[in-house]
Structure formats: C-alpha cells, structure tokens
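# Remarks on the overall topology
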Amino acid sequence: MDLRPVLAAFLAVLLTSACGSSAAAPLGDADGFIPDNGSVSPFDTSVTAIRNLDPALLAAVRQAARDAQRHGITVQVTSGWRSKAYQQQLLDDAVRKYGSLAKARESVNTPEKSTHVTGKAVDLGPTDADDWIGRHGTDYGLCQVYSNEMWHFELLTAPGGQCPPQLPNAAG
Ligand SMILES: [Zn+2]
C-alpha cells in the first residue's frame, strides 16, 4: 500500500492549521515585545519597549524605581511601548480567550486607544512593586488607571498631585 498520498494529505492539513493559527507575524523587539513571563529594567535602553516610552513617563518610573529600590523593592517593566501590530495581536488573542470583542476590551484596548501604543503607559511588576507604586506613585505623578489592572500606570498628575478616579477597566 502506498502511504504517500495519505502522508501528503496529512501534511497539508498540518501546514494549513499551523499557518491558520499563526496568521500574525511573529513579534520581536521592534514591536516592543518582551518575551513571555519576561520583564526588563526601566533603565535598560537596549529594549525598544523602554526606549520608545514617553520621556516624562520613563523619567518618573525611573525615579520611583530608584526610591523603591532603597526599600528593597525592584521595579521591573513587564510591558511598555507596543507597536500597533503587537496591540492588535493582544486584542485578537483576548477575543479568542474571552469569546467576544466586548469581553476582550475589558482587559485589552484597541491599537487606536491603547496608551501603550503612544508610549504613555507602562505595566510594572512584580506584585510587591505594583503595590509600592500603587501607594507612592502619586509622588512621581504615576497613577493606576484601571481598577482591574494594578500593574498599569500612566503619568496623569503632577508629582504630589491627585490621580483621576480609576476606571473599572480598559473598556470604561
Ligand atoms: Zn498596561
């Protein structure tokens, strides 16, 4: 029995499904991609996700990170500037995960609305750093924007000022 046609058909299915699930181009540093479960120092300018951040936001994060370090807390950036393509991919992934665009939008913004795309937002970690910045961030003008994202900060007030009321989520 000649198995070649069967094998060929099998390979065709494999290739189709592989291409179908990875329609988006692989993301790299130029998209602001930080590898999964990775994080980088806010002082690491070799990383595009850091380099493309709004200079005022980056300066505030660095000052906060220096002061947090004095309290034994290391502040890392888990996500910074992102390309539109990267943001779209995050949204597409969220739609697949949550089953609808409306649900996905509660945790992921569109490329048009995302402040990561404009370099005006950072996601910080780990949790003790989020907690520290959450309590002391206003000293640097850094505000938690969404109630459901304790890691997402933007420069929304003057140092020592008051942050605007938090939105319930990214869809709010
Ligand atoms: Zn964020």
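Report on the accompanying structure. (Residues numbered from 1 in each chain as written. Predicted model: local features only at pLDDT ≥ 70, side-chain atom pairs only at ≥ 80, totals over all residues. Heavy atoms only, no water.)

### Concerning the packing of aromatic side chains
For clarity, the threshold we go by: Aromatic contacts are taken between Phe, Tyr and Trp rings whose centres are within 6.5 Å, Trp giving its six-membered ring; a plane angle under 30 degrees counts as stacked, one over 60 as edge-to-face, and the others as tilted. Accessibility here uses a 1.4 Å probe with only protein chains present; expressed as a share of the type maximum, an area under 20% marks a residue as buried, one over 50% as exposed, and anything in between as partly exposed. Ring-over charges, as used throughout, are those where CZ of Arg or NZ of Lys falls within 6 Å of the ring centre and within 35 degrees of the ring normal.
Under the definition given, this model contains 2 aromatic pairs. Here tryptophan 132 and tyrosine 140 contribute two aromatic rings whose centre-to-centre distance is 6.4 Å and whose plane-to-plane angle is 35 degrees, an arrangement assigned as tilted. Neither residue differs from the other here; tryptophan 132 and tyrosine 140 are each classed as buried. Across the ring face of tyrosine 86, the terminal group of arginine 82 is positioned such that the distance to the ring centre comes to 5.9 Å.

### Examining the coordination of the zinc ion
Put simply, the test is: Sites may look incomplete because water is not among the atoms; the donors themselves are N, O and S atoms within 2.8 Å of the metal, or within 3.2 Å for Na, K and Ca.
In the first shell of the zinc ion, the protein supplies His116 (NE2), Asp123 (OD) and His152 (ND1), at 2.0 to 2.1 Å from the metal. Between consecutive donor residues of the zinc ion, the sequence gaps follow H-x6-D-x28-H. For the pair formed by histidine 116 and aspartate 123, the shared burial category is buried.

### A closer look at helix H3 (residues 55-70)
Quick reminder of the rule: A run of DSSP states H or I qualifies as a helix once it reaches four residues; a run of E qualifies as a strand once it reaches two. Both are numbered from the N-terminal end. Expected span of a helix: the number of residues minus one, times 1.5 Å. The criterion used for residue contact is that any of the two residues' heavy atoms lie within 4.5 Å.
The end-to-end C-alpha distance of H3, which contains 16 residues, comes to 23 Å, matching closely the 22 Å that a straight helix rising 1.5 Å per residue would cover. Along H3, the positions that sit buried rather than exposed are Leu57, Leu58, Ala60, Val61, Arg62, Ala64, Ala65, Asp67 and Ala68. If you follow the buried residues of H3, they end up packed against helix H2 (48-51), strand S2 (121-125), helix H6 (127-136), strand S3 (142-144) and strand S4 (152-155). Count one or two residues on from H3 and you reach glycine 72, which has phi positive near 80 degrees.

### Focus: the nonpolar core
Convention followed: To qualify as a nonpolar core, a set must consist of buried Ala, Val, Leu, Ile, Met, Phe, Trp, Tyr and Cys residues joined through side-chain atoms within 4.5 Å.
In this structure, Val75, Val122, Leu124, Ile133 and Leu142 are the most contacted members of the largest nonpolar core, which totals 25 residues. Within the residue set of this core, elements represented by two or more residues are H2, H3, S2 and H6. Top element by residues in this core is H3. It accounts for 7 residues. In contact with valine 122, not counting residues within four places along its chain, are Leu53, Leu57, Val61, Val77, Ser79, Gly80, His116, Trp151, His152 and Phe153.

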